[in-house]
There are 2 protein chains.
Amino acid sequence: MAADSLSRVFSALADPTRRDMVARLAAGDATVNELADPYDVTVQAVSKHLKVLEDAGLVSRSREAQRRPVHLEAEVFDLMTRWIERYRREAEERYRRLDDVLRSMPDDVEPTPPTESGAST
Amino acid sequence: MAADSLSRVFSALADPTRRDMVARLAAGDATVNELADPYDVTVQAVSKHLKVLEDAGLVSRSREAQRRPVHLEAEVFDLMTRWIERYRREAEERYRRLDDVLRSMPDDVEPTPPTESGAST
DNA sequence: GTTGTATTCAACCAGGTAGTTGAACGAGGG
DNA sequence: CCCTCGTTCAACTACCTGGTTGAATACAAC
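Everything numeric here is computed off the predicted structure, so don't read it as measured data.

### Observations concerning the interface of chain B and chain A
Thought 1: Across the contact, 34 residues belong to chain B and 34 residues belong to chain A.
Thought 2: The contact between chain B and chain A buries some 3000 Å² in all, and 64% of this surface belongs to carbon and sulfur atoms.
Thought 3: A per-residue breakdown of the area chain B buries against chain A is headed by Arg19, Trp83 and Arg94 of chain B, which together make up 21% of the total.
Thought 4: At the junction of chain B and chain A, the tally comes to 3 salt bridges.
Thought 5: A salt bridge links arginine 88 of chain A to aspartate 78 of chain B, with the shortest nitrogen-to-oxygen separation between them at 1.7 Å.
Thought 6: The interface formed by chain B and chain A includes 9 residue pairs in polar contact (both at pLDDT 80 or more).

Structure, rendered in structure tokens:
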């Protein structure tokens, strides 16, 4: 299941520093030291953040002499967008449907489809 | 601390159980007990998860007798989608631009050529 | 008023995470 | 070869998180 990688991506982006790194990397590749500069933390801490982003598939690192330029991988964003949009659409549709029902319902009972059983994975 | 709302939303959805809850809530409102049923954890744990989702603005709870039906709030998804799409677009555009540059540079010099180990293809 | 049901609060524990310092490693330049 | 720079590894600490159990609260039914 893609749940695991989805967890890694969401978790990676739950940190403001990492989100800021992603934002800056969207403007262009950078080295660990360059990335670390604006933050008030050690380079080692930034290196750890980078590892989290890398494990989530959000960035990749190449080797160029002793530097390791960090590159943003945009494809993983799709995974999130797909998940988000799916449930948003569902929720909004349901909302619209409910709205319809309420409007077309004088004071009768609620329609309960017989195909409704416990939700499963 | 993850005080900003974007951090809270990403953090909330980083947990597979909470994502599953959201998925199920997209199909319709549910009570805490209903939500807790399929999971192998106590109701209290689910209540905590719900609090996280609520703090993130992903769900809301009303009061209906002693039950507290949970309702999915779809708007917050927009916040994430906007963030994600912004940087994805930036990254993709940059990629396209780079591609252009490379194509318009047949055998010219590169901006930073410390080592030359073959032409770029 | 007492009982029962649904939910939350409080205290606690195990594991993970973000940060630190200090040392090691890898590649170029003197 | 030795030194320096960029980066990562290792060990440690403080805190946050997800889980537990047990008690408390809120409302409905009896």
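### Let's talk about the environment of glycine 57 of chain B
Thought 1: Relative to the helices and strands, glycine 57 of chain B is located in the loop between α4 (43-55) and β1 (59-61).
Thought 2: When the C-alpha atoms of glycine 57 of chain B and valine 9 of chain B are compared, they prove to be 7.5 Å apart, with 48 residues separating the residues in sequence.

### Quick notes on the relation of the copies chain B and chain A
Thought 1: Note on the identical chains: chain B maps onto chain A by a rotation of 180° and an axial translation of 0.0 Å, with an RMSD of 0.1 Å. Accordingly, the operation relating the two chain copies is best matched by a two-fold axis.
Thought 2: Interface residue correspondence from chain B to chain A reaches 91%, placing this contact among same-surface, isologous pairings.

### Observations concerning the packing of aromatic side chains
What characterises a pair of aromatic rings is the spacing of the ring centres plus the angle enclosed by the ring planes.
Thought 1: This model, assessed by the stated rule, comprises 5 aromatic pairs over all chains.
Thought 2: Residues phenylalanine 10 of chain A and tryptophan 83 of chain A carry aromatic rings whose centres are separated by 6.0 Å and whose planes lie at 75° to one another, so their mutual orientation is edge-to-face. Highlighted residues: phenylalanine 10 of chain A in helix α1 (residues 3-13) and tryptophan 83 of chain A in helix α5 (residues 76-103), separated in sequence by 73 residues. For the pair formed by phenylalanine 10 of chain A and tryptophan 83 of chain A, the shared burial category is buried.
Thought 3: Between the aromatic rings of tryptophan 83 of chain B and tyrosine 87 of chain B, the centroid separation amounts to 4.9 Å while the plane-to-plane angle is 65°, which identifies the pairing as edge-to-face. Taken together, the positions of tryptophan 83 of chain B and tyrosine 87 of chain B, both in helix α5 (residues 75-103) and 4 residues apart, correspond to about one turn of that helix.
Thought 4: Here tyrosine 87 of chain B falls in the buried class, since its relative accessible area comes to 9%.
Thought 5: Connected via pairs of aromatic rings, a cluster forms that spans Phe10, Trp83 and Tyr87 of chain A together with Phe10, Trp83 and Tyr87 of chain B.

### What to know about the confidence of the model for chain A
Detailed reading of predicted coordinates is not advised where the pLDDT is low.
Thought 1: Model confidence for chain A is summarised by a mean pLDDT of 82, while 78% of its residues fall at 70 or above.
Thought 2: The low-confidence segment residues 107-121 of chain A (pLDDT under 50) makes 4 contacts with residues lying over four places distant or belonging to another chain.

### Some details on the protein's contact with DNA strand D
Thought 1: Lining the immediate surroundings of DNA strand D are 23 residues, of which Asn33 of chain A together with Arg18, Gln44, Lys48 and His49 of chain B lie closest.
Thought 2: When the atoms of DNA strand D within 4 Å of the protein are sorted by group, sugar and phosphate make up 66%.
Thought 3: A distance of 2.3 Å is found between a base oxygen of DNA strand D and a side-chain nitrogen or oxygen belonging to lysine 48 of chain B.
Thought 4: At 2.2 Å from a phosphate oxygen of DNA strand D is found a side-chain nitrogen or oxygen belonging to histidine 49 of chain B.
Thought 5: Along the lines of polarity and charge, the residues of the surface near DNA strand D split into 5 nonpolar, 9 polar and 9 charged.

### A closer look at the protein's contact with DNA strand C
Thought 1: Residues in close proximity to DNA strand C total 21 residues, the closest being Thr42, Lys48 and His49 of chain A together with Asn33 and Arg61 of chain B.
Thought 2: Take the atoms of DNA strand C that sit within 4 Å of the protein: sugar and phosphate atoms are 63% of them.
Thought 3: One of the side-chain nitrogen or oxygen atoms of asparagine 33 of chain B is found 2.5 Å away from a phosphate oxygen of DNA strand C.
Thought 4: Serine 47 of chain B is positioned with one of its side-chain polar atoms (N or O) 2.7 Å from a phosphate oxygen of DNA strand C.
Thought 5: Looking at the surface near DNA strand C, the elements that each hand over two or more residues are α4 (43-55) of chain A together with α3 (32-36) and α4 of chain B.
Thought 6: Examining the composition of the surface near DNA strand C, we find that 4 residues originate from one element, α4 of chain A, more than from any other.

So, how was this worked out
Residues numbered from 1 in each chain as written. Chains lettered and ligands numbered in written order. Predicted model: local features only at pLDDT ≥ 70, side-chain atom pairs only at ≥ 80, totals over all residues. Heavy atoms only, no water. Contact = heavy atoms within 4.5 Å. Buried area = accessible area lost by both parts, 1.4 Å probe. Salt bridge = Lys/Arg side-chain N within 4 Å of Asp/Glu carboxyl O. Polar contact = N/O pair within 3.5 Å; in protein donor to acceptor, adjacent residues only side chain to side chain. Helix = DSSP H or I, 4+ residues; strand = E, 2+ residues; numbered from the N terminus. Least-squares fit on C-alpha atoms with pLDDT ≥ 70 in both. Phe/Tyr/Trp six-rings, centres within 6.5 Å; stacked < 30°, edge-to-face > 60°. Buried < 20%, exposed > 50% of the residue type's maximum accessible area, 1.4 Å probe, protein only. pLDDT = per-residue confidence, 0-100. Near = heavy atom within 4 Å. Nonpolar A, V, L, I, M, F, W, Y, C, P; charged D, E, K, R; others polar.

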